[in-house]
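Take a look at the letters that make up each chain.
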Amino acid sequence: DVEVLYHNAYTACELHADDSDHKITFFDEEMKRQRLWERKVEDDMERALAAKEFKVYLQPKISASEEKLAGAEALVRWIHPQEGFIPPNKFIPIFESNGFILKLDDYMLEEVARQQAEWIAQERTIVPISVNVSRAHFTREDLAEHICEIVDRYKVPHSCIELELTESAFFDDKKVLLQTVKKLRDNGFLVSMDDFGAGYSSLNSLKELKIDVLKIDADFFRNVEEVERGMLIVSEVIDLAKKLDMKIVAEGIESRDQVDFLVQQECDLIQGYFFAKPMPVEEFVEKYKQ
Ligand code: C2E
Ligand code: CA
Ligand code: CA
């Protein structure tokens, strides 16, 4: 009936609202499932956060020269009582559009600070752990103070926390981004640029944005026909980063060949399935306790 047709058309429009490639779009049942999933996630997210269903998984970053643990990235997983294990691509985009990502990122940062404090108290050697900071945070001018406040609750040195931001934040409010990054670095935090080279990266952002670490994506290696060109770009980016006094992390590294190439190019750190997938904190401790 007309009402159903209208709703379906509306759903299709909404799902492709920002997508200029879709001048015409057709409704299908998958869109309906997507909408239902979104609603379910939205109805459930506050409860899940309070119930601590969002878990920190850690993926090691390995030093290329020594093949030793040198850092880790905190990646969220939702362990749902009915749905089971939910990967971030099923809920992060939803949280990014409804604003809940702000709460989730704060929670992850707090969990990481708490974990570092616990390891420091146990006199373990710690490595910097990075958290992802969604671009949505860069609308608040007191973001750096806010981050300090969360970390300082646990009295951990700022140098053991790294903040990963994507270049896309550059396109929102450049002023807030530049100020925040400066304040964070002045306060001793490490700041890295995530997904460099994926999407809309521009070399120009490196001119204004002084950061500690550049994370390049293994997308450069993925398309088999263009591997040679990808390697050339990676090698030049590593060179450039060194001249700009930044460290390089290569991400998504899956093979020994890629590792060998990166070692030869004097890449600093390597993160990827070749060394380890993201894992629960207990497993991380077990694997790297030496
Ligand atoms: P990201 O920040 O670029 O994280 C790296 C992603 O690459 C992770 O996916 C990781 O599991 C995956 N990865 C690592 N090594 C390999 C590899 O060798 N091969 C392949 N194919 N993939 C590899 P994950 O954990 O599914 O996270 C996806 C994205 O979700 C992240 O991309 C990040 O943008 C977002 N995300 C995850 N946790 C958080 C969070 O707490 N806050 C925010 N704002 N975003 C998060
Ligand atoms: Ca990241
Ligand atoms: Ca990344």
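Let me sum up the structure you'll find in this document.

Rules used throughout
Residues numbered from 1 in each chain as written. Chains lettered and ligands numbered in written order. Predicted model: local features only at pLDDT ≥ 70, side-chain atom pairs only at ≥ 80, totals over all residues. Heavy atoms only, no water. Patch = residues over 30% accessible without salt bridge, like charges linked within 9 Å, V, L, I, M, F, W, Y side chains within 5 Å. Areas by Shrake-Rupley, 256 points an atom, 1.4 Å probe, with all protein chains shown as cover. Salt bridge = Lys/Arg side-chain N within 4 Å of Asp/Glu carboxyl O. Helix = DSSP H or I, 4+ residues; strand = E, 2+ residues; numbered from the N terminus. Buried < 20%, exposed > 50% of the residue type's maximum accessible area, 1.4 Å probe, protein only. Polar contact = N/O pair within 3.5 Å; in protein donor to acceptor, adjacent residues only side chain to side chain. Contact = heavy atoms within 4.5 Å. Axes fitted to C-alpha atoms, helices over the stretch in contact; angles between N-to-C directions. Donors = N, O, S within 2.8 Å, 3.2 Å for Na, K, Ca; no water. Near = heavy atom within 4 Å. 1 Å grid on protein atoms, 1.4 Å probe; cavity = no way out; pocket = protein on both sides within 12 Å on 5 of 7 lines; lining within 4 Å. Sits in = over half its atoms within 2 Å of the grid points. Phe/Tyr/Trp six-rings, centres within 6.5 Å; stacked < 30°, edge-to-face > 60°. Points joined across faces, edges and corners; volume = space filled by probe spheres on them.

### Notes on a nonpolar patch on the surface
A cluster of nonpolar side chains, contributed by Leu203, Leu240 and Leu244, occupies part of the molecular surface with about 270 Å² of accessible area. Looking at the element boundaries, Leu240 is found in helix α9 (residues 227-243). A relative accessible area of 33% places Leu240 in the partly exposed class.

### A closer look at the side chain of Glu111
Tracing the chain through its elements places Glu111 in helix α4 (residues 101-121). With a relative accessible area of 13%, Glu111 lands in the buried category. Here the side chain of Glu111 touches Arg114 through a polar contact of 2.9 Å, side chain to side chain. Not counting residues up to four positions away in its chain, the partners in contact with Glu111 are Lys52 and Val56.

### Some points on the packing of helix α5 (residues 143-152) against helix α6 (residues 174-186)
A packed helix pair is summarised by two numbers, namely the angle formed by the two axes and the spacing between the axes. Orientation of α5 relative to α6, taken along the N-to-C sense of each, is 35°, at an axis distance of 8 Å. For the pair α5 and α6, the contacting residues are Leu143, Ala144, Glu145 and Ile147 in the first and Thr180, Lys183 and Leu184 in the second.

### Concerning the pattern of salt bridges
In this structure the tally under the stated criterion is 31 salt bridges. In this structure, the salt-bridge partner of Glu251 is Lys215, at a minimum N-O distance of 3.6 Å. Taken together, the residues Glu251 in strand β8 (residues 247-251) and Lys215 in strand β7 (residues 213-217) connect sequence positions 36 residues apart. With respect to burial, Glu251 and Lys215 carry one shared label: buried. Several salt bridges converge on common partners, so that one network encompasses Lys61, Glu73, Glu162, Glu164, Lys215 and Glu251.

### Brief notes about the coordination of the calcium ion (ligand 3)
Angles between donor atoms at a metal ideally measure 109.5 degrees for a four-coordinate tetrahedral arrangement and either 90 or 180 degrees for a six-coordinate octahedral one. The calcium ion (ligand 3) binds to the protein through Asp194 (OD), Asp195 (OD), Glu251 (OE) and Glu251 (OE), with metal-donor distances spanning 2.2 to 2.9 Å. In terms of primary sequence, the donors binding the calcium ion (ligand 3) are separated according to D-D-x55-E. Between the calcium ion (ligand 3) and the calcium ion (ligand 2) the interatomic distance comes to 4.1 Å, and Asp194 is a ligand of both metals. Within this pair, whereas Asp194 is found in strand β6 (residues 190-196), its partner Glu251 is found in strand β8, the two being separated by 57 residues in sequence.

### Observations regarding the site of ligand 1
Near ligand 1 you find 22 residues, and of these Gln59, Arg77, Asp105, Glu254 and Tyr273 are the closest. In the model, an oxygen atom of ligand 1 is placed 2.7 Å from a nitrogen or oxygen of the Tyr273 main chain. A majority-of-atoms criterion places ligand 1 in the largest pocket. With four residues, strand β2 (residues 69-80) is the largest single contributor of residues to the shell around ligand 1.

### Some remarks on the packing of aromatic side chains
What describes a pair of aromatic rings is the distance from one ring centre to the other and the angle between the planes of the rings. Considering all chains together, one arrives at 12 aromatic pairs under this definition. Residues Phe54 and Phe91 carry aromatic rings whose centres are separated by 5.7 Å and whose planes lie at 50° to one another, so their mutual orientation is tilted. Of this pair, Phe54 sits in strand β1 (residues 54-63) while Phe91 is found in the loop between β3 (84-86) and α3 (92-98), placing the two residues 37 residues apart along the sequence. In terms of burial, Phe54 and Phe91 fall into one category: buried. Consider the rings of Trp78 and Phe95, whose centres lie 6.4 Å apart with planes at 40°: the pair is tilted. Of this pair, Trp78 sits in strand β2 while Phe95 sits in helix α3, and the two are 17 residues apart along the sequence. Of the two residues, Trp78 and Phe95, both sit in the buried class.

### Describing empty space enclosed by the protein
Under the definition given, this model contains two cavities of 30 Å³ or more. For the largest cavity, the calculated volume is near 60 Å³. Taken together, Asp105, Asp106, Leu109, Val131, Asn132, Val133, His137, Leu143, His146 and Ile147 make up the lining of the largest cavity. If you list the elements that add at least two residues to the lining of the largest cavity, you get α4, β4 (129-133) and α5. Roughly 40 Å³ of internal volume is contained in the second largest cavity. Together, Trp37, Lys40, Val41, Asp44, Trp78, His80, Glu83 and Ile86 line the second largest cavity. Mapped by element, the contributors of at least two residues to the lining of the second largest cavity are α2 (29-50) and β2.

Keep in mind these numbers describe shape, not what the thing actually does.
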